[in-house]
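Residue-level structural notes
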Amino acid sequence: MTNSNQFIGAEKIIEKKKKYIMPCLGHFYQNPPQFVKGDMQYLYDVNGKKYLDCYAGVSVINCGHCNQEIISKMIEQIKNLQHVCNIYLTENFVNLAEKLSEVTPGNLQKSFFCSTGTEANEGALLLASIYTKSSEFIALQNGLHGRTKLTMSLTGIGMWRTDPNPVGGINFAPNPYCYRCPLGKNYPECDLECANKIEEIIKNYTSGKIAALIAESIQGNAGIVVPPKNYFKRVKEILQKYNALLIIDEVQTGFARSGKMFAIENFDVVPDIMSVAKALGNGQPISAFISTEEIADTYTRPGASTLGGNPVSSAAGLAVLDYIEKNNLIENAKNRGEQLKKGLLELSKKHKIIGDVRGLGLMIGAEFVHADKSPAFVELDKILEEMKNRGFIIGKNGIGRNVMAFQPPLVITEENVNEILNALDLILTEFKF
């Protein structure tokens, strides 16, 4: 293990952050650790303390921290060719595009590579505008799609809409948040009213010709909000009626996270355009938007990305897809996710502060609430701090910042899940929430 004396420590990092980093960037925990090492599902801090990572850098490290099989492929590539820009011919990025066409749903075939999820979503929206010759969009309430002008304007969470002058021509539809239905309905008696509202919005609040609706297949920052099974089928039927496209944002949900290669596959729908990022590089910056040949071939005017699909990132992407297949991570995500979800549901019977448990695969949210169903965000912060003290790093999201988010590396074991559940049970019992 590394010597702690060679690092400046958490307090000094916070001090430098205040002086040199823009104040928009916060951090988790009252007493945050400085992480200095990762090894598959584990993180280590400056003092050598070991943590089970249950957040994976927000669904990035699906194949585990410092995965040696993936790193070796990257090192091999770095030694030979690190960068030339994608306007020159290299092999990895076309091989990765070919592989993506094989593993993505339906007839999605042609990719454009960039570096971040925001860029991928921005590119997907641009492609939709080019194809439809429209610049109007619909997004879902509580969705999050990025930090650029357009993607931030399409984000339906107030705390992330920091642009004082958002883009116009955007409407928001109710999100399928059944635990807190924005329409006050109950599923299935509601007949998917949240989806039906999309047609009302198109007819009454737009020109009638929109480019696309963009949605996360599972809303991550909203609190791991999972739509009903037939939701996206209804949405796509409505969009097709108005010659509009369906853009699915798989930035958090892609690459085996949900127990399928892509979460939209759980809903038996093929999007017209799909964005991917995060786990594709397992920590190496890479993203892409991918579409059908018909739609993609309308993007003919010059376009390039300086770092998009560079040889090293593409090597990482190819290694990630190989590792997922070779190590059955889809199956492990499904099995461990079922184990975790079942365990959390059992805890919710014992500890009433857990109001709802939802998710697919290893993307699970536990919503913490008071007796009146109001968000128990203060209590959740205390629990997360204590879980950290006992060696578990767990995420937090939700509009009320009251959802405990489990998005661990997909290499976690049955024993790991039992450790998480036992620690959470002990803490909830001690705190008497």
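The structure we're discussing is the one just above.
Description of the structure in this document. Because the structure is a prediction, the values reported are computed rather than measured.

A word on the overall build of the protein chain
Check the secondary structure of the protein chain and you find 13 helices and 15 strands. Here the C-alpha radius of gyration of the protein chain, 21 Å, is about what a compact globule of 433 residues would show, namely 22 Å. Projected onto its principal axes, the C-alpha positions of the protein chain cover 60 × 55 × 45 Å. When burial is assessed residue by residue, the protein chain has 55% of its 433 residues classed as buried. Sequence-distant contacts in the protein chain: of pairs separated by 6 or more residues, those separated by 24 or more amount to 73%. On the protein chain, the mean spot of the 46 positive side-chain charges and the mean spot of the 46 negative ones are 4 Å from each other.

Considering the sheet that holds strand E11 (residues 354-360)
Within the open sheet, the four strands sit side by side as E11-E12-E15-E14. Their pairing is antiparallel. Taken across any chain shown, the strands that pair with only one partner, and hence form the sheet edges, are E11 and strand E14 (395-397). Mean inter-strand twist for the sheet, computed between neighbouring axes without regard to direction, equals 25°. Packed on one face of the sheet, helix H11 (residues 329-350) meets E11, strand E12 (363-368) and strand E15 (403-406) and runs near 170° to E11.

Describing unusual backbone geometry
For the bond running from Tyr187 to Pro188, omega is 10°, close enough to zero to count as cis. Within the secondary structure, Pro188 sits in the loop between strand E6 (170-173) and helix H7 (193-205). Despite not being glycine, Phe255 has its phi angle at roughly 65°, a positive value. Looking at the element boundaries, Phe255 is found in the loop between strand E8 (245-249) and strand E9 (273-276). Within the chain, Ala256 stands out as a residue other than glycine whose phi angle is a positive 80°. Turning to its location among the elements, Ala256 is positioned in the loop between E8 and E9. For Ala256, a relative accessible area of 0% puts it in the buried group.

Description of the side chain of Gln339
By the element assignment, Gln339 lies in helix H11. With relative accessibility at 16%, the residue Gln339 sits in the buried group. Here the side chain of Gln339 touches Arg336 through a polar contact of 2.6 Å, side chain to side chain. In this structure Gln339 touches Glu414, Val417, Asn418 and Leu421, once residues within four positions along its chain are discounted.

Let's talk about the packing of helix H12 (residues 377-389) against helix H13 (residues 414-431)
Remark: H12 packs on H13, axes separated minimally by 10 Å, with the N-to-C direction vectors making an angle of 130°. Put simply, H12 runs oblique to H13. Seen along the crossing, H12 lies across H13 with a hand that is right-handed. Residues Lys382, Ile383, Glu386 and Met387 of H12 lie in contact with H13, whose contacting residues are Ile420, Ala423, Leu424, Ile427, Leu428 and Phe431. Of the residues in the contact of H12 with H13, the class split is eight nonpolar, no polar and two charged.

Let's talk about the environment of Pro311
Looking at the element boundaries, Pro311 is found in helix H10 (residues 311-326). Here Pro311 falls in the buried class, since its relative accessible area comes to 4%. Put simply, Pro311 and Thr90 are 221 residues apart on the chain and 7.1 Å apart in space, counted from C-alpha to C-alpha. In contact with Pro311, other than residues within four places in its own chain, are Gln77, Leu81, Gln82, His83, Thr90 and Asn92.

A closer look at the packing of aromatic side chains
As enumerated under the stated definition, the model contains eight aromatic pairs in all. Judged by centre distance (6.0 Å) and plane angle (15°), the ring pair of Phe112 and Tyr299 falls under stacked. Taken as a pair, Phe112 in strand E4 (residues 110-114) and Tyr299 in the loop between helix H9 (293-296) and H10 lie far apart in primary sequence, 187 residues in all. The class of Tyr299 is partly exposed, set by a relative accessible area of 26%. Ring pairing ties together the aromatic residues Phe28, Tyr29 and Tyr55, which thus form one cluster. Lying over the aromatic face of Tyr44, Lys37 brings its terminal NZ or CZ to 5.4 Å of the ring centre.

About the thresholds
- Within every chain, residues take consecutive numbers counted from 1 along the sequence as written.
- Local features in this predicted model are restricted to residues whose pLDDT is 70 or higher, and side-chain atom pairs enter the listing and the counts only when it is 80 or higher, whereas totals over whole chains, interfaces and linings include all residues.
- With hydrogens and water set aside, each side-chain value is computed from the structure's full complement of heavy atoms.
- Helix and strand assignments follow DSSP, with helices taken as H or I runs no shorter than four residues and strands as E runs no shorter than two, numbered in order from the N terminus.
- The reference for a compact globule is 2.2 Å times residues^0.38; the radius of gyration itself is calculated from the C-alpha atoms.
- Partly exposed residues are those whose accessible area sits between 20% and 50% of the maximum for their type, while under 20% is buried and over 50% is exposed, using a 1.4 Å probe and protein chains only.
- In what follows, residue pairs with any heavy atoms lying within 4.5 Å of each other are defined as contacts.
- Positive charges are assigned to Lys and Arg, negative charges to Asp and Glu, while His and the chain termini are left out of the count.
- Just so you know, the charge point we use is NZ for Lys, CZ for Arg, CG for Asp and CD for Glu.
- Criterion used throughout: strands pair if DSSP finds at least two bridges between them.
- An axis is simply a line fitted to the C-alpha atoms; with a helix, the fit covers only the stretch in contact. Between two such axes, the angle follows the N-to-C directions and lies from 0 to 180 degrees.
- Identification of polar contacts relies on pairs of N or O atoms within 3.5 Å, with a donor-acceptor requirement for protein atoms, meaning one able to donate a hydrogen and the other able to accept it, and with residues adjacent in sequence counted only if both atoms are side-chain atoms.
- If an angle is under 35 degrees, it is roughly parallel; if it is over 145, roughly antiparallel; if it lies from 65 to 115, roughly perpendicular; otherwise it is oblique.
- Crossings are classed by handedness, with left-handed meaning an anticlockwise turn of the near helix from the far one by less than a right angle and right-handed meaning a clockwise turn.
- Amino acids outside the nonpolar list (Ala, Val, Leu, Ile, Met, Phe, Trp, Tyr, Cys, Pro) and the charged list (Asp, Glu, Lys, Arg) are all regarded as polar, and Gly is one of them.
- Only the six-membered ring of Trp is used, alongside the rings of Phe and Tyr, when aromatic pairs are assigned; centres must lie within 6.5 Å, and planes under 30 degrees apart are stacked while those over 60 apart are edge-to-face, with the rest tilted.
- Look at NZ for Lys and CZ for Arg. If either is within 6 Å of the ring centre and within 35 degrees of the ring normal, a charge sits over the ring.

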